[in-house]
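Here is what each chain is made of, one letter per residue.
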Amino acid sequence: MNPLKKRDLAIALAFLAVLAVLPLALGGSRYLLSVLMNCAGLSLIAFGVWITFTIGRINICQAGFALIGGYTTGIVLSRYGLSFWVALPLSALVSALLGAVVGSFILKLRGIYFSMLTICLTEAIRLAFLNGGDFTQGSKGITGLPQPFGGDSALPMYYLSIVLLGLGLWVTWRVHYSRLGRIFRAMRLNEDLAESFGTNVWRYRVTAFAIACALGGLGGSYFAVFTQSVYPQSFTVEHSIYYMLFCFLGGLEFVSGAMIGAFALTILFELLSQFQQYQTLIYGVLMIGVILLLPNGLMAIRAAKEARS
Amino acid sequence: MFQVLINGAVLGSVYALIALGLTMVFSIMRVVNFAHGQMYMLGAFVVYYLYGEYGLPFYVALPAAAAVLAVVGVLFNRFFFQPVLATATREENSMLMAVGTALLLENLALTVFGEKQRGVPAVVDGAWIFGDVAEGGAILTYPNAMVALLSVVFIAGLLAFVQYTRPGRALRAVAQDKEAARLQGVDVKATTTLGFAIGAALAGLAGGLLVTVYGVNSGVGTNISTKAFIMIMIGGAGVTSGAIVGGVLLGFAEAIGYDLLPGSLTYLLIFVGMIVFLVFKPNGLFGKPWG
């Protein structure tokens, strides 16, 4: 195992372990738990963006697929009265299938074309739900969704979020450090070359995109029950951009990058909550600063030092 | 129907101006300026303050908007884009930088200008009326006519500049092949700066023009950028004729859609139509294939 991978694993496991025992230290404070639950959900969605980065595509439609997941859960719960435990995997499945269908067409675009198109796709998905009539309740959204756990304690929901985070991390890890991950990297470096070596590029990039969308759908479903509602405005282009920023801040070379980025930024802003009104302004400045000063992300700080010495 | 065509022509001419600015920056730097819509918004605010608040004449306020945005463009290019383009190991970096500048501009504007929708007094008053409006006639208001006319003039001016002047030829040379242009003695750095400044100034001009009809608020940027992306994707990124055709097409599509369909359904159909179109013609109408 190379040292970077070892460090990636160590950080990821340590992080999950800390999250698992943290409620004991926090003593069940609802506010602190909900901040961590928010971070976990955001990380889950951001893992999807991270996976599309590994095939060399900048994915700005992740919020759209999170919205699809959220609405699937919302409609299944409120209209058909099914259990959340059915809705959760179903949402991931619906997002993945739609992602595979859409992806099989749009993934032949590259670079900036793909990014611009995915922005439009996020908007199109939002408008589709806004114009869904009775089925999606238009701009009113779907509210009053039941929570999966009875009782007063926030702990079951918290552990659900940690389990989902672990699942997202495991999926991303399995994808990245496997034959599949090698093929993805080969495609990122040179798609035509990978194809000329006999890789079925089309199939692999649709696979990557479908996995990414499944993670988005899973996250959207989780947020739908976490906030007990879903609106067309729940996930917009702006959110898609934040997921990208999480990945970039954490580092695109490390699987745990997306998670580290999401927790670091979200917790930072809870700490700076008196500056809430400047939040997106600070995001903008931070984004520019990170790209100028830390082009390989937080996780790479030590790697860069080691490489230099 | 006549009215719809007039609306389409007016929208199309300003949209073409917006798309030209975006495509100019793209052709020279291979960077999509995500902040293009935010630059449009800034241009609109410059005109709002100079013309609407301080009462300067419109023919002073509009060039001022272009000048302010040109300066913003030069600064962005010098301090944000050049360092990233010089050191980036992945192409993602320059794109994320563009997204970052868009976030920055939009939120600076929100903090400084607030969220309120602003309008300015009409520059010219009156309207031409063609036929009986109740029976298929149409109205073209003077402000709309002025916006369309000035847009066409600016577009023609830009095309002439790029076609016939020395700096214009340098711009085209750099867009075609940076290395070959350098070997021919073109100052690539200065030309790139000029290209970015012109692109930004065009966004400012478009904003300054449209504020007289639609007003402005700090949040319009993303919306305008998204429209600009649609236009240059339809026409082909980095191609001048593509930007103009894309702008005119979107203008007419929007005018026709708003006439026939309720509210936000128009853009849903435009998005879907564009995605289907790009599946068959991934490089747009006039675009060259690139990676």
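### Let's talk about the overall build of chain B
Right, on to step 1. In terms of helices and strands, chain B carries eleven helices and two strands.
Right, on to step 2. On C-alpha atoms alone, chain B measures out to a radius of gyration of 19 Å, which is about the 19 Å that the 2.2 N^0.38 rule sets for 291 residues.
Right, on to step 3. With respect to the principal axes defined by its C-alpha atoms, chain B has extents near 60 × 50 × 35 Å.
Right, on to step 4. Here chain B, with 291 residues, has 51% of them falling under the buried criterion.

### Examining the overall build of chain A
Right, on to step 1. In terms of regular secondary structure, chain A is built from 13 helices and two strands.
Right, on to step 2. If one aligns the C-alpha atoms of chain A with their principal axes, the spans along those axes are about 55 × 45 × 35 Å.
Right, on to step 3. Of all 309 residues assigned to chain A, the portion counted as buried reaches 51%.
Right, on to step 4. For chain A, the share of sequence-separated contacts (at least 6 apart) that also reach a separation of at least 24 residues comes to 80%.

### A closer look at the confidence of the model for chain B
Right, on to step 1. The pLDDT averaged across chain B works out to 88; a share of 98% of its residues lies at or above 70.
Right, on to step 2. Interface predicted TM-score (ipTM) for the complex: 0.83; the corresponding pTM is 0.87.

### Here's the deal with the packing of helix α10 (residues 237-250) of chain A against helix α11 (residues 257-271) of chain A
All names here are of chain A.
Right, on to step 1. It is at 7 Å that the axes of α10 and α11 come closest, and there the two elements cross at 110 degrees. Classed by the angle they form, the pair α10 and α11 counts as roughly perpendicular. On the side of α10, the interface is formed by F246, C247, F248, L249 and G250, while α11 contributes G257, A258, M259, I260, G261, A262, A264 and L265.
Right, on to step 2. Across the contact of α10 with α11, the residue classes tally to ten nonpolar, three polar and no charged.

### Some points on the interface of chain B and chain A
Right, on to step 1. Between chain B and chain A, the contact holds 38 residues from the first and 36 residues from the second.
Right, on to step 2. Those elements that provide at least two residues to the side of chain B that touches chain A are α3 (58-87), α4 (92-113), α9 (220-235) and α11 (265-280) of chain B.
Right, on to step 3. If one sorts the elements of the side of chain B that touches chain A by residue count, α4(B) sits on top with 13 residues.
Right, on to step 4. Here the residues of the side of chain B that touches chain A sort into 26 nonpolar, ten polar and two charged.

Conventions adopted
Residues numbered from 1 in each chain as written. Chains lettered and ligands numbered in written order. Predicted model: local features only at pLDDT ≥ 70, side-chain atom pairs only at ≥ 80, totals over all residues. Helix = DSSP H or I, 4+ residues; strand = E, 2+ residues; numbered from the N terminus. Rg over C-alpha atoms; globule rule 2.2 N^0.38 Å. Buried ≥ 20, exposed ≤ 12 C-beta atoms within 10 Å, placed from the backbone. Contact = placed C-beta atoms within 7 Å. pLDDT = per-residue confidence, 0-100. Axes fitted to C-alpha atoms, helices over the stretch in contact; angles between N-to-C directions. Parallel < 35°, antiparallel > 145°, perpendicular 65-115°, else oblique. Nonpolar A, V, L, I, M, F, W, Y, C, P; charged D, E, K, R; others polar.

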